[in-house]
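Survey of secondary and tertiary structure
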Amino acid sequence: MQTSYRRNSELSLLLFALVIGSGSLALVEAARDLERVELVAPFMAILVAAYVVAHIVVRKSARQADSLILPLAAILNALGLAAVYRLAPQDYGPVQVTWTAVGAAAFIITLIVVRDYKLLARYKYILGFAGVALLLLPLSPLGQEVFGARLWVNVGAFSFQPGELAKIALVLFFAAYLAERKELLALATRRIAGFHVPDLKHFGPLLVMWGLSLAVMFYEKDLGSSMLFFSIFLVMLYIATARVVYMAFGGLLFIVGAYIGYQMFPHVQVRVQVWLDAFNPDLIEGPSFQLAQSLFALSTGGLFGTGLGQGRPDLIPAAHTDFIFSVVGEELGLLGTAAVLLCFMLLITRGLHIAMHGRSDFGILLAGGLTTILGVQTFIILAGATRLLPLTGITLPFMSYGGSSLLSNFILIALLIRISHQDAAEPAPADTAEILIGGRR
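In short, a report on the structure.

Concerning the overall build of the chain
Tallying secondary structure elements over the chain gives 14 helices and five strands in all. The principal-axis extents of the C-alpha atoms in the chain amount to approximately 70 × 60 × 45 Å. Split into buried and exposed, the 441 residues of the chain put 53% on the buried side. A sequence separation of at least 24 residues applies to 73% of the contacts in the chain between residues at least 6 apart. Only carbon and sulfur atoms are counted for the fraction: they give 68% of the accessible area of the chain, which is about 18800 Å². The centroid of the 29 positive side-chain charges in the chain is displaced by 11 Å from the centroid of its 27 negative side-chain charges.

Following this line, the structure appears as structure tokens:
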């Protein structure tokens with residue numbers, strides 16, 4: 001009975017999300033040409049079909065899974081699709097719809113193939129090496145530099161960001177590695193300044209990850225990805241050990257790395273200068289133009305927005321990737337952006353709920369790590385678009401234009417759904433207590 005209720009609730013919420021998404025596409029097209037609204041009908045059909053089939057697969061293979069994750073992803077994806085289509089109906093719109101369908105297919109394949117997520121822990125070193133290889137692949141001759149960052153790989157006419165898949169592979173490795181060694185890493189052998197401190201050799205994994213994140217920043221010139229990968233490992237290390245000293249030491253390493261990056265890279269200095277003085281007359285027609293236009297768009301939106309298709313977010317350079325949130329802010333206003341933020345908060349909350357109720361150390365750490373990807377990435381890009389932090393070139397999950405990002409996010413939520421179903425279906429082991437985030441065994 002409870003299982004049917006969950007799936008029926010998911011279907012109801014999913015249909016509501018698809019109605020909003022389809023309506024948003026129709027409104028965007030109506031703003032362009034009221035007589036040609038039927039042009040978006042194929043896009044609506046693809047969107048609805050992709051998510052309905054995904055729901056059917058969840059109903060068949062993960063009946064006890066969380067009922068909110070798929071609808072929340074759908075509403076964010078649908079609003080992002082409408083915003084991307086509004087910016088370039090002939091270019092970005094059709095491609096984004098295609099990648100949504102491909103992402104839904106990846107979601108379905110992941111659920112079908114990964115019947116037992118615990119088996120993934122057996123391949124932790126393969127996944128770890130694959131993650132590092134994907135992360136550093138843009139440094140090869142196949143790599144391409146775009147807007148100062150070397151993140152893309154070109155194979156013929158096809159291009160993608162391997163770092164998007166690398167973060168999932170690395171989280172799988174981190175989860176398996178930390179699940180095996182959490183007691184050793186948490187063991188405190190000395191007391192310094194009132195803190196129980198583990199042996200110095202146990203800080204080795206943190207230093208290795210710090211070095212990898214610095215390599216990403218130095219050689220790929222990508223501050224956002226560097227920050228993201230290091231933050232993910234740091235949060236997962238805290239979940240596994242509940243040692244504040246790791247967070248403190250990691251924070252110190254982050255400050256040192258940020259200072260080194262600022263001193264070594266002129267483009268980082270420019271971004272900090274733009275962040276501090278976005279409306280400087282000497283900068284606003286150059287480096288700070290993008291950020292200034294984003295802030296103008298958010299201001300123009302006011303409380304209710306200008307209406308879908310009625311604003312001028314196309315004035316923001318690269319609005320379809322870095323500033324899709326500002327597009328929503330201008331045309332849906334403060335209420336629209338608040339709704340988007342609430343959806344992200346709910347999605348992250350559901351991910352943490354899955355982690356808190358995990359039946360195994362690996363499941364808890366994996367759910368926590370995957371949720372951290374969503375949370376940290378969302379915070380970084382929204383903080384950059386609203387001038388809370390210096391801008392970094394990463395995508396807003398499910399909303400920004402880009403196939404690599406959509407593909408990895410669909411795989412991510414498929415793993416969360418698999419974990420939630422499997423842990424709900426299995427009884428808690430009698431001899432195993434749960435890891436609480438920020439707590440102890």
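Quick word on empty space enclosed by the protein
Tallied over the entire structure, the rule returns three cavities of 30 Å³ or more. Volume-wise, the largest cavity comes out at about 170 Å³. Together, 17 residues line the largest cavity, and Gln161, Gly163, Glu164, Asp222 and Ser225 are the ones closest to its centre. No other element matches the four residues that helix α6 (residues 162-186) contributes to the lining of the largest cavity. Across the lining of the largest cavity, the residue classes tally to seven nonpolar, six polar and four charged. As for the second largest cavity, its lining consists of Trp210, Ser213, Leu214, Met217, Leu223, Ser226, Met227, Phe230, Leu253, Phe254, Gly257 and Ala258. Every element with two or more residues in the lining of the second largest cavity is listed here: α7 (204-219), α8 (223-241) and α9 (244-264). Its residues placed into classes, the lining of the second largest cavity shows nine nonpolar, three polar and no charged.

Structural notes on the packing of helix α12 (residues 324-356) against helix α13 (residues 361-385)
Look at α12 against α13: their axes get within 9 Å of each other, and the N-to-C directions meet at 160°. Comparing the axis directions of α12 and α13 gives the class roughly antiparallel. Note on packing geometry: the crossing formed by α12 with α13 is left-handed. Contacts from Phe325, Ser326, Leu341, Phe344, Leu347, Ile348, Gly351, Leu352, Ile354 and Ala355 of α12 reach α13 at Ile364, Ala367, Gly368, Thr371, Leu374, Gly375, Thr378, Leu382 and Ala385. Within the contact of α12 with α13, the residues separate by chemical class into 13 nonpolar, six polar and no charged.

Side note on the pattern of salt bridges
Counted under the stated rule, the structure contains eight salt bridges. Residue Arg350 is joined to Asp66 by a salt bridge in which the shortest nitrogen-to-oxygen separation is 2.7 Å. Of the two residues, Arg350 is situated in helix α12 and Asp66 in the loop between α2 (41-61) and α3 (69-87); the sequence distance between them amounts to 284 residues. Since its relative accessible area comes to 7%, Asp66 is described here as buried. Among the charged side chains, a salt-bridge network with shared partners connects Lys124, Glu180 and Arg181.

Some thoughts on unusual backbone geometry
A positive phi is found at Ala242, a non-glycine position, where the angle reads about 60°. Tracing the backbone shows Ala242 in the loop between α8 and α9. Residue class for Ala242 comes out buried when judged on its relative accessible area of 9%. The backbone of Phe398 shows a phi angle near 70°, a positive value even though the residue is not glycine. Position of Phe398 among the secondary structure elements: in the loop between α13 and α14 (403-425). Among the residues examined, Phe398 registers a relative accessible area of 0% and is labelled buried.

Parameters and conventions
Residues numbered from 1 in each chain as written. Predicted model: local features only at pLDDT ≥ 70, side-chain atom pairs only at ≥ 80, totals over all residues. Heavy atoms only, no water. Helix = DSSP H or I, 4+ residues; strand = E, 2+ residues; numbered from the N terminus. Buried < 20%, exposed > 50% of the residue type's maximum accessible area, 1.4 Å probe, protein only. Contact = heavy atoms within 4.5 Å. Areas by Shrake-Rupley, 256 points an atom, 1.4 Å probe, with all protein chains shown as cover. Lys, Arg positive; Asp, Glu negative; His and termini not counted. Charge placed at Lys NZ, Arg CZ, Asp CG, Glu CD. 1 Å grid on protein atoms, 1.4 Å probe; cavity = no way out; pocket = protein on both sides within 12 Å on 5 of 7 lines; lining within 4 Å. Points joined across faces, edges and corners; volume = space filled by probe spheres on them. Nonpolar A, V, L, I, M, F, W, Y, C, P; charged D, E, K, R; others polar. Axes fitted to C-alpha atoms, helices over the stretch in contact; angles between N-to-C directions. Parallel < 35°, antiparallel > 145°, perpendicular 65-115°, else oblique. Left-handed = near helix turned anticlockwise from the far one by under 90°. Salt bridge = Lys/Arg side-chain N within 4 Å of Asp/Glu carboxyl O.

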